[in-house]
Structure formats: structure tokens, C-alpha cells
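Structure at a glance
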Amino acid sequence: MDLFDYMRQNKLEKESPLAAKLRPTTLEEVVGQKHILDKDKLLYRAIKADKISSIIFYGPPGTGKTTLAKVIANTTSAEFKQINATVAGKKDMEEIINTAKETLGMYGKKTILFIDEIHRFNKGQQDYLLPFVEDGTIVLIGATTENPYFEVNGALISRSIVFELRPLSKEDIKELLIRAVNDSEKGMGAYEGVIEEEALEFLADMAGGDARHALNAIELGLMTTERSEDGKIHITLEVASECIQKRAVRYDKGGDNHYDTISAFIKSMRGSDPDAAVYYLAKMLYAGESVTFISRRIMICAAEDVGNADPNALQMAVSAALAVERVGMPEAQIILSQAVSYVACAPKSNAASEAIFQAMSTVKETGSLPVPVHLQDAHYKGAAKLGHGTGYKYAHDYENHYVNQQYLPYELNGKEFYKPSGNGYEKKIKEHMRWLKESGKHEAK
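Read on for an overview of the structure.

**Overview of the packing of aromatic side chains**
The full count for this structure, using the stated rule, is four aromatic pairs. Ring centres of tyrosine 279 and tyrosine 280 lie 5.1 Å apart, and the angle between their planes is 70°; this geometry places the pair in the edge-to-face category. Here tyrosine 280 falls in the partly exposed class, since its relative accessible area comes to 24%.

Given below as C-alpha cells:
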């Protein structure tokens, strides 16, 4: 490191955000993640013993992935290198690998390579690392907000231990905020700030488990609030609400939380819980989810989970889908809420969806079975001479407009695919079909 690099590094450290300044350097300073960092846990023991193997840290923003990598950097005797996959490329990795080989060969010293946002590397870049992880040239620590089992090379995953970091609890966030206000060495203790209990509770709740979001808010509050008559900076509820203008909703439209929220949304409608369904609807809308995407999910749920128990559910869902495209936000949220609450409260049946799934399975198993001759088309050229359509009974010529005849291929005689439930309108359908079949043998009118 030359003089200019040294000066630049010092300047960055002085001017870096509070979240970076307050970052722990030892395991004892880490807040939260007790499920992997209690003293009897594997990760804690491995860091303490300096026996780290390749690791993938996976979790939402602000939960401590980079923090844990820094703690490892401060406790290991190995060389520690760090890159960010959003800006680094293969050339950067090649330089690190070459240095790691020299370090291992000359001094017998391992190199730990920390790659932040590792999911940003493409398959080729991830493949490049594989042989060097395999032969021990480097110990890999990857950090990602995306599910590593989808976004990280399977071969790298198989050679690593995946640790999932969870959103911090309110108590964890409160502890960090108090530390930030009072710590004169790393925090903002020199500002002589005081955070009121109401403001502390509010910020801890609004942060949504994201430590960085909470610390950014308290830093903004301390730096922009005038001192009171007692000479101290008071972080009141009013100040705190100004510093966090909007709740931190953890919802990445391309990531796990997107799929988790959608899953909860659909399952709440299916489970007939309109309150939960509307809540998840609000969460998606608040985070900027596409109304067309949401309306498609409502239509699918109306067909799959309500079906013929309430045929109006699909009509409601389709009408809502058309309406939100024409109306747009913010009024579209009212239309979506109506559709969601209707579908959630409707009687449920998956008989129609199960019917097609079973029919598709049967077609796959049995192949192309011949259509019964009497159902075949007799109108195209020469078909009648071949006997197509012979013996067909026209349903409207019979009492109740129904006649019992073979409709399925003969090989599937007696097979049932659609089995109406006893819920909602399907109860009437079930009774009607039973009545038709019992009175199905009639003479032509």
C-alpha cells in the first residue's frame, strides 16, 4: 500500500457510514444470529479455532453477512482478500489466485477469499473458482441475498457449508441503536445524543430486521437535529419518523422474499383467510409489485382453489384483472382488494384442477386411445362410409336432455376425473350429476 492508498483508506474510514464504522471486529461484538453463533455452534467454534472451511452466507440485507466475513478477517491467521462480484471480474480473481499460490507455496499460509454478492458472478466466473477451492489454494466465503441453491454453482455449494442469516429481532436492533448513540469510539457518542424510548421502539420496528437501515436513520437524526437547551441531541419519535419516511419492506421482486410473499398470498386465499390475503396484497403493492402480476395470481387461485364451488370467483378475478389495467394505481388497490377478499371467502374446491391433472396423467400413461366410433365425426369426406358416428345418441332427443352412452375411450370405461365436492355450488352439481345418471336410461322422444 503506497502513501496515496493509505491516505485514501483513512479518509474512507473517517467518512464511512455509521453502519460501517460500528461493524464488529470480534465475535463478542456481533449482535443477533444466535442460531449459528452461540458458543456451542459450529460456526462459532470454527472461527475461534481458525479452522474455517468454505462458507456461503445467505440472508436478507443488513443481517450481518459482510460483518461475519470481517470478523473472520480479524481473527484468522490466513491471508484475507475481499472482492465484490458487482464490480470484480475474472482478471481480479486470477491475480488473487496467483498471489494465493505464492503465499501457500512460500509460507504455507492459506488465503481466504471473501466474495460479496457472489450470485452476481456468472456460471463461467464461478466455475473458474472451483479447482482452487477443491485443491485448497483458497478458502471461499461467499455472501448472497439470493437463494444459493439456485444462484450459486452446485459444485461450489457441495464444497461449502451454507449458513442462513435471519432478520434481526427488534431487541437486536434496539441494542445496536443504543450502542450507536453511546459508543464514542466507533459510534456517535461524541454527539451526546439521547434516544427516547418511543423513538427506539419505532426505529427498531420500522427497520424490519435490517440493521443498516436502522443505523442509517439514527445517523441522519444525530447529524441533522439541533441541540436542545440541555446541550444534548434528543432523538424523539417525531425525529425518528422523519428519518425513516417509509417502512423497510423486505421484498425483492427477483428474490426469495418475492416468492415467499406470493406463496403466503395464495395460501391465505386458499385457506379462506381474507385478512392475511389482504395483508400480503398490501405488502406487494407497497413494494411496487406489478398489479398485472398480482391479478394473474388471483385468477389462477380462483380457478384452482375455488373452481366450481363458486363459479363467480373466476368472473370476479377476470373482471378485476381487466379493471386494474384500465384504472391503474392507486385506485387499482381497491379493485384487487375486492377480488382477493371475494376469492378468500368463497367456498373452496380443487375438483376441477385435480380433474385435469389426473386426465393429463392418464393421457401420458395410456397414450392416444381411440375415440369411440359413435363419437367420431361423420361429416368429413368419406367418414360416414367408414361408419364414423354410427350409433350416436343425440342428448337433446332424450328426457332431461341426457342419455347414458360411452363417451370415454372404451379402455377407460368407468374412469372418473371430475369429482365434485360437497362445497358451495358443487354440492348442487354433485346432486345433479347423480340424479342424471340414475335416470339416464330413456327412450328417444
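Here the narrative resumes, following the displayed structure.
**Structural notes on the packing of helix α10 (residues 170-182) against helix α12 (residues 211-224)**
Following both chains from N to C, one finds α10 and α12 inclined at 35°, their axes separated by 10 Å at the closest point. Judged by the sense of rotation from one axis to the other, the crossing of α10 with α12 is right-handed. Where α10 abuts α12, its residues Ile173, Leu176, Leu177, Ala180 and Val181 lie against Ala211, Ala214, Leu215, Ile218 and Leu222. Its residues assigned to classes, the contact of α10 with α12 shows ten nonpolar, no polar and no charged.

**Brief notes about the pattern of salt bridges**
One pass over the full model with this rule turns up eleven salt bridges. Between lysine 174 and glutamate 171 there is a salt bridge, with its nearest N and O atoms 3.5 Å apart. In this pair, lysine 174 and glutamate 171 both sit in helix α10, three residues apart, roughly one turn of the helix. When its relative accessible area of 10% is taken as the criterion, lysine 174 is described as buried. A cluster of three or more residues bridged by salt bridges with shared partners is formed by Lys170, Glu171, Lys174, Glu197 and Glu201.

**Concerning the environment of leucine 129**
Considering the arrangement of structural elements, one finds leucine 129 in helix α7 (residues 123-134). Its relative accessible area of 0% is what places leucine 129 among the buried residues. When the C-alpha atoms of leucine 129 and leucine 140 are compared, they prove to be 8.7 Å apart, with eleven residues separating the residues in sequence. If near-sequence neighbours (up to four positions away) are discounted, leucine 129 is found in contact with Met93, Leu113, Ile115, Ile138 and Leu140.

**Quick word on the nonpolar core**
Judged by nonpolar contacts, the single largest core of 30 residues is most densely connected at Ile173, Leu177, Ile195, Leu203, Leu215, Ile218 and Ile235. Broken down by secondary-structure element, the contributors of at least two residues to this core are α2 (18-21), α10, α11 (197-206), α12, β7 (233-235) and α13 (237-243). The leading source of residues in this core is α12, at six residues. The residues contacting leucine 203, other than those within four sequence positions of it, are Leu177, Ile195, Ala217, Ile218, Ala240 and Ile244. Ranked by size, the runner-up nonpolar core spans 27 residues in total, among them Phe265, Leu281, Ala313 and Ala346.

**With respect to the sheet that holds strand β2 (residues 79-84)**
Within the open sheet, the five strands sit side by side as β2-β3-β4-β1-β5. Their pairing is parallel. For this open sheet the edge positions go to β2 and β5 (161-164), each flanked by a neighbour on one side alone. Neighbour-to-neighbour, the strand axes of the sheet open up by a mean angle of 15°, direction not taken into account. Bridge analysis of strand β1 (residues 55-58) against strand β4 (residues 138-144) gives four bridges, and the strand direction is parallel. Bridge pairing links phenylalanine 57 to alanine 143 in β4. Running at roughly 175° to β2, helix α6 (residues 90-107) makes contact with β2, β3 (111-116) and β4 of the sheet. Sheet contacts for α7: β3 and β4; angle to β4, the most-contacted strand, approximately 135°.

**Side note on α6**
Every α-helix carries 3.6 residues per turn, so stepping three or four residues along brings you back to the same face. For α6, spanning 18 residues, the distance from its first C-alpha to its last is 25 Å, which sits close to the expected 26 Å at 1.5 Å a residue. Turning to α6, its buried residues number three or more, namely Met93, Ile96, Ile97, Ala100 and Thr103. Considered in projection along α6, the buried side chains sweep an arc of 125° and stay on one side of the axis. Of the exposed residues in α6, the ones pointing more than 90 degrees away from its buried face are Lys91, Gly105 and Met106. Packing partners of the buried residues in α6 comprise β2, β3, α7 and β4. Positive backbone phi, at 65°, marks glycine 108, one or two positions downstream of α6.

The rules behind each value
Residues numbered from 1 in each chain as written. Predicted model: local features only at pLDDT ≥ 70, side-chain atom pairs only at ≥ 80, totals over all residues. Heavy atoms only, no water. Phe/Tyr/Trp six-rings, centres within 6.5 Å; stacked < 30°, edge-to-face > 60°. Buried < 20%, exposed > 50% of the residue type's maximum accessible area, 1.4 Å probe, protein only. Axes fitted to C-alpha atoms, helices over the stretch in contact; angles between N-to-C directions. Helix = DSSP H or I, 4+ residues; strand = E, 2+ residues; numbered from the N terminus. Left-handed = near helix turned anticlockwise from the far one by under 90°. Contact = heavy atoms within 4.5 Å. Nonpolar A, V, L, I, M, F, W, Y, C, P; charged D, E, K, R; others polar. Salt bridge = Lys/Arg side-chain N within 4 Å of Asp/Glu carboxyl O. Core = buried A, V, L, I, M, F, W, Y, C linked by side-chain atoms within 4.5 Å. Pairing = 2+ DSSP bridges. Expected span 1.5 Å × (residues − 1). Arc of directions from axis to C-beta.

Read these as spatial facts, not as claims about activity.
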